[in-house]
Amino acid sequence: MYKLKTLVIALLISTVAIAQSGYKVGDIATDFKLENVDGKMVSLSDYNQAKGYIVIFTCNTCPFSVAYEDRVIALNKKYESQGYPVIAIMPNNPAASPGDSMEAMKARSKAKGYTFPYLMDKNQEIYPQYGASKTPHVYVLQKVKKGNKVKYIGAIDDNYQHPDSVNQKYVENAVDALLAGNPIKETHTRALGCTIKI
Amino acid sequence: MRYIFFLLVLVMVSCKNETKEVLDSSLNTDSKDIDLEIQDFSGIEKYLYTTTDKTYVVNFWATWCAPCIKELPYFEDINKNYSNKNVDVILVSLDFPHVYETKLKPFIRKNNLKSKVVVLNDMDSNSWIPKVHEDWSGAIPATLIFNKNERKFFERAFTYNELEHEIKQFLK
């Protein structure tokens, strides 16, 4: 009986640990059905023609996210037509971060002219599955038979302050490699970001 | 009529000058006497290791980061309450350079921060984040506690009691 108890506890602990760590490169990522700023529900599976996705957890309020807004727009402009659309997901709880309410998201999307969906992870159930710990946090997915495979996790590039001084465009390098059928050189990078507000 | 117009312009000009002066002087008082230590990661690294008997609490924060600002007083309290127990607090600001004068310095002055404040300005975060700690994804607030024997990293916010509890483990 004691052994069983220990086993159950060990199992529980390992489940929690897995839930916290999120996806690693090579894992199959979950699809979702989240509300967009236009009021419609959006899923990855809506994109029949897509070869993959650039999923970006981002928000209105984090200065790092704001610094990258124009570069996220540019990513969608460059890659949507090539089969890798940007899907932006706002993971914060608006009660803890009022500047990230659906109304505020709508306003930002309109003001910046977002050409990609800007979804709210309303129940805060998607970002923990992906393992996003901050905004911005990027997951490049490739559509394969089994589902959407995680091919890259991390930063957009290596200079959050000065777009003109970027040396490594991590996300572009990853998507370019996928489009060319080449291995991705850097599959995991890190960058500063704001904690997700729960 | 012309005379009135001239007078109006005169009033407008003088008002404008006055506002400007008031703004400038308030800015000067706010940032007076604060000499920011701004470093790239190689300049920060010396604060992340020790060979002495001291315990260091290094907190990564920024003025725009709400959970950081909320927990900052606890780090200040630790700095005060544990200074005689060989504990040093270092606050590493990750504020952007364009707010050093307008936000960071006024914040330090207004809150009368007693802990050592260092500013880290290093773009290539992918290379230095894992050097702070392998477990850090890059989100702030983040805190590193270490002495010459061990180090522990936290990508989370603290209450005073939680922070004190972790520090006490290093003083045993």
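My aim in this report is to walk through the structure given alongside it, one point at a time. (Residues numbered from 1 in each chain as written. Chains lettered and ligands numbered in written order. Predicted model: local features only at pLDDT ≥ 70, side-chain atom pairs only at ≥ 80, totals over all residues. Heavy atoms only, no water.)

## Re the environment of valine 144 of chain A
Residues and elements named next belong to chain A.
Phase 1 of the analysis: Topologically, valine 144 is positioned in strand β8 (residues 137-144).
Phase 2 of the analysis: For the pair formed by valine 144 and glycine 52, sequence separation is 92 residues and the distance between their alpha carbons is 8.5 Å.
Phase 3 of the analysis: Discounting chain neighbours no more than four positions away, the residues touching valine 144 are Ile28 and Lys149. (Helix = DSSP H or I, 4+ residues; strand = E, 2+ residues; numbered from the N terminus. Contact = heavy atoms within 4.5 Å.)

## Overview of the interface of chain A and chain B
Phase 1 of the analysis: At the junction of the two partners, chain A supplies 19 residues and chain B supplies 24 residues.
Phase 2 of the analysis: Of the roughly 1800 Å² buried where chain A meets chain B, counting both sides, 58% is carbon and sulfur surface.
Phase 3 of the analysis: Between chain A and chain B we count one salt bridge in total.
Phase 4 of the analysis: The partner of arginine 190 of chain A in a salt bridge is glutamate 134 of chain B, with the nearest N and O atoms 2.6 Å apart.
Phase 5 of the analysis: Where chain A touches chain B, the interface holds 10 residue pairs in polar contact (both at pLDDT 80 or more).
Phase 6 of the analysis: Where the side of chain A that touches chain B is concerned, the elements lending two or more residues are α2 (63-79) and β10 (193-195) of chain A.
Phase 7 of the analysis: Of all the elements, β10 of chain A adds the most residues to the side of chain A that touches chain B, at three residues. (Buried area = accessible area lost by both parts, 1.4 Å probe. Salt bridge = Lys/Arg side-chain N within 4 Å of Asp/Glu carboxyl O. Polar contact = N/O pair within 3.5 Å; in protein donor to acceptor, adjacent residues only side chain to side chain.)

## Digging into helix α5 (residues 125-132) of chain B
Phase 1 of the analysis: Turning to α5 of chain B, its buried residues number three or more, namely Ser125, Asn126, Trp128, Ile129 and Val132 of chain B.
Phase 2 of the analysis: Next to the buried residues of α5 of chain B lie α5 (170-180) of chain A together with α2 (41-44), β2 (55-61), β4 (116-120), β6 (142-146) and β7 (151-154) of chain B. (Buried < 20%, exposed > 50% of the residue type's maximum accessible area, 1.4 Å probe, protein only.)

## Structural notes on the state of the cysteines
Formally, a disulfide is one covalent bond, and it connects the sulfur atom of one cysteine to the sulfur atom of another.
Phase 1 of the analysis: With the rule as written, the count across this model stands at two disulfides over all chains.
Phase 2 of the analysis: The disulfide partner of cysteine 62 of chain A is cysteine 194 of chain A, and the S-S distance across this bridge is 2.0 Å. For the disulfide bridge between cysteine 62 of chain A and cysteine 194 of chain A, the dihedral angle about the S-S bond is near 75 degrees, and by the sign convention the bridge is right-handed. Here cysteine 62 of chain A is found in the loop between β4 (52-57) and α2, whereas its partner cysteine 194 of chain A is found in strand β10, with 132 residues between them in sequence. Across the pair, exposure class does not vary: cysteine 62 of chain A and cysteine 194 of chain A are buried alike.
Phase 3 of the analysis: Each sulfur of the disulfide joining cysteine 65 of chain B and cysteine 68 of chain B lies 2.1 Å from the other. (Disulfide = S-S within 2.5 Å.)

## Some details on the sheet that holds strand β3 (residues 41-42) of chain A
Sheets are built from strands paired through backbone hydrogen bonds, the pairs being either parallel or antiparallel.
Residue and element names in this part refer to chain A.
Phase 1 of the analysis: Strand order in the open sheet formed by eight strands is β1-β9-β8-β4-β5-β6-β2-β3, with mixed pairing between adjacent strands. Edge positions in the open sheet fall to β1 (28-29) and β3, since each of these has one partner strand only.
Phase 2 of the analysis: Helix α3 (residues 102-112) rests against β2 (34-36), β5 (86-90) and β6 (118-120) of the sheet, and its axis sits at about 175 degrees to β6. (Pairing = 2+ DSSP bridges. Axes fitted to C-alpha atoms, helices over the stretch in contact; angles between N-to-C directions.)

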